[in-house]
Amino acid sequence: MQQKRLRVVVLASGRGSNFAALLAAQQRGELPIDIRALLSDKATAPALDIARDAGIDAIALRPRDHADRAAFDQALFARVVDFHPDLVVLAGYMRVIDAAVVDAWRGRMINIHPSLLPQYPGLHTHQRALDANDVMHGASVHFVTAELDGGPVIAQAQLPILAGDNADSLAARLLPLEHRLLIVTVKLLAQGKIALQGNRVACDDQILAAPLLLDESGSLKQR
Ligand code: GAR
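Residues numbered from 1 in each chain as written. Predicted model: local features only at pLDDT ≥ 70, side-chain atom pairs only at ≥ 80, totals over all residues. Heavy atoms only, no water.

Remarks on the sheet that holds strand β1 (residues 6–11)
Argument step 1. The 9 strands lie next to each other as β3-β2-β1-β4-β5-β6-β7-β11-β12, forming an open sheet whose pairing is mixed. Each of the sheet's edge strands pairs with one partner strand only, and the pair in question is β3 (57–60) and β12 (220–221).
Argument step 2. By the bridge criterion, 4 bridges tie strand β5 (residues 109–113) to strand β6 (residues 136–143) in an arrangement that is antiparallel. Residue pairing for β6: Ile110 is matched across the bridge by Phe143.
Argument step 3. Relative to the sheet, helix α6 (residues 167–190) contacts β1, β2 (33–40), β4 (87–90), β5, β6, β7 (153–160), β11 (212–214) and β12, its axis offset from that of β7 by approximately 155°. (Pairing = 2+ DSSP bridges. Helix = DSSP H or I, 4+ residues; strand = E, 2+ residues; numbered from the N terminus. Contact = heavy atoms within 4.5 Å. Axes fitted to C-alpha atoms, helices over the stretch in contact; angles between N-to-C directions.)

Below is the structure:
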């Protein structure tokens, strides 16, 4: 019997490499998902071109055409709903989303963030890890809640900070790990293995004591 495909809508503000990685994994047949649309708050986002080139609906809405944050987010998510997604993926979406909208998507919206949350929510995560003399850096995929980058973490990828690293080198080494992390996390969600239970993440109906970790073979494991 063919598995039901998870309907996915992706939001991105810029380059779109995480979106492209997810799309490529779908196209390779690695993911039982159907990416229905790419929406952006930036009309010039390269992510929109990636979607158009793949024949996927690409929609940009301008925040300044709306009265305030709540009005913009309501308009944006009204468009999201048109595609009936099971899951919304924030892949480099750089706007804070209104709490009422976030609450309506609780357990059905994830974000990828370039730090080992709960460390370094917000911006400039690579520089902040360097400034703190951290030994390890990484990325997290988490369920989105009203607290910025504060929702329950599903899975993380780690990498060592090397002598001589700067924010750019660290970001460049992290990016392929982000791509893999996003793909394997979405795969678990599509397989129905991951769920938000209260404020915690359950995997196969067991509450995780810690986020899943991307191992060297590119798989997620419990730690
Ligand atoms: C990624 O590094 C992602 O983790 C980060 O933006 C970049 C987007 O790259 N997201 C955030 O900082 C969200 N707080 P991409 O457009 O090439 O996927």
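On we go from here.
Quick look at the environment of Met109
Argument step 1. Among the secondary structure elements, Met109 is positioned in strand β5.
Argument step 2. Exposure remark for Met109: the relative accessible area of 0% places this residue in the buried category.
Argument step 3. For the pair Met109 and Leu212, spaced 103 residues apart in sequence, the C-alpha separation works out to 18 Å.
Argument step 4. The residues contacting Met109, other than those within four sequence positions of it, are Phe77, Leu87, Val88, Leu90, Ile97, Val102, His142, Phe143 and Val144. (Buried < 20%, exposed > 50% of the residue type's maximum accessible area, 1.4 Å probe, protein only.)

Some points on the site of the ligand
Argument step 1. Taken together, Arg15, Gly16, Ser17, Asn18, Gly92, Met94, Ile112, His113, Pro114 and Glu178 make up the full set of residues near the ligand.
Argument step 2. Arg15 is positioned such that a nitrogen or oxygen atom in its side chain is 2.5 Å from an oxygen atom of the ligand.
Argument step 3. Note that an oxygen atom of the ligand is positioned 2.9 Å from one of the backbone N or O atoms of Asn18.
Argument step 4. Out of a free accessible area of 450 Å², the ligand has 88% covered by protein chains. (Near = heavy atom within 4 Å. Polar contact = N/O pair within 3.5 Å; in protein donor to acceptor, adjacent residues only side chain to side chain. Areas by Shrake-Rupley, 256 points an atom, 1.4 Å probe, with all protein chains shown as cover.)

Considerations on the packing of aromatic side chains
Argument step 1. By the definition in use, this model includes 1 aromatic pair.
Argument step 2. Ring centres of Phe77 and Trp105 lie 6.0 Å apart, and the angle between their planes is 50°; on these two criteria the pair is classed as tilted. Separated by 28 residues along the polypeptide, Phe77 in helix α3 (residues 69–82) and Trp105 in the loop between α4 (99–104) and β5 bring together distant segments of the chain. Neither Phe77 nor Trp105 differs from the other in exposure class; each is buried.
Argument step 3. We note Arg108 situated over the ring of Trp105; from NZ or CZ to the ring centre the distance is 4.2 Å. (Phe/Tyr/Trp six-rings, centres within 6.5 Å; stacked < 30°, edge-to-face > 60°. Lys NZ or Arg CZ within 6 Å of the ring centre and 35° of its normal.)

A short note on the pattern of salt bridges
Argument step 1. Scanning all chains against the criterion turns up 11 salt bridges.
Argument step 2. We note a salt bridge from Arg7 to Asp86, for which the minimum N-O separation is 3.4 Å. Of this pair, Arg7 sits in strand β1 while Asp86 sits in the loop between α3 and β4; the two residues are 79 residues apart in sequence, bridging distant segments of the chain.
Argument step 3. What makes Arg7 partly exposed here is its relative accessible area of 27%.
Argument step 4. Within this structure, Lys4, Arg7 and Asp86 form a network of salt bridges that share partners. (Salt bridge = Lys/Arg side-chain N within 4 Å of Asp/Glu carboxyl O.)

What to know about the sheet that holds strand β9 (residues 200–203)
Argument step 1. Judged by pairing direction, the sheet is antiparallel, and its 3 strands sit side by side in the order β8-β9-β10 without closing on themselves. Of all the strands in the sheet, the pair left with one neighbour each is β8 (194–197) and β10 (206–207).
Argument step 2. Relative to β10, β9 is paired through 2 bridges, and the arrangement is antiparallel. Bridge pairing in β10 places Cys203 opposite Gln206.

Description of α6
Argument step 1. Over its 24 residues, α6 runs 33 Å from end to end, which matches the ideal 34 Å to within 8%, given 1.5 Å per residue.
Argument step 2. Its maximal kink placed at Leu175, α6 deviates by approximately 30°, while the proline Pro176 follows within four residues.
Argument step 3. Immediately downstream of α6, the backbone of Gly192 shows phi near 75°, a positive value. (Expected span 1.5 Å × (residues − 1). Bend = angle between axes of the 7 residues up to and from the residue.)

Regarding the side chain of Asn18
Argument step 1. Along the chain, the position of Asn18 falls in helix α1 (residues 17–27).
Argument step 2. Overall, the relative accessible area of 8% leaves Asn18 in the buried class.
Argument step 3. Once residues lying within four places of it in the same chain are set aside, the contact partners of Asn18 are Ala91, Ile112, Leu175, Glu178, His179 and Leu182.

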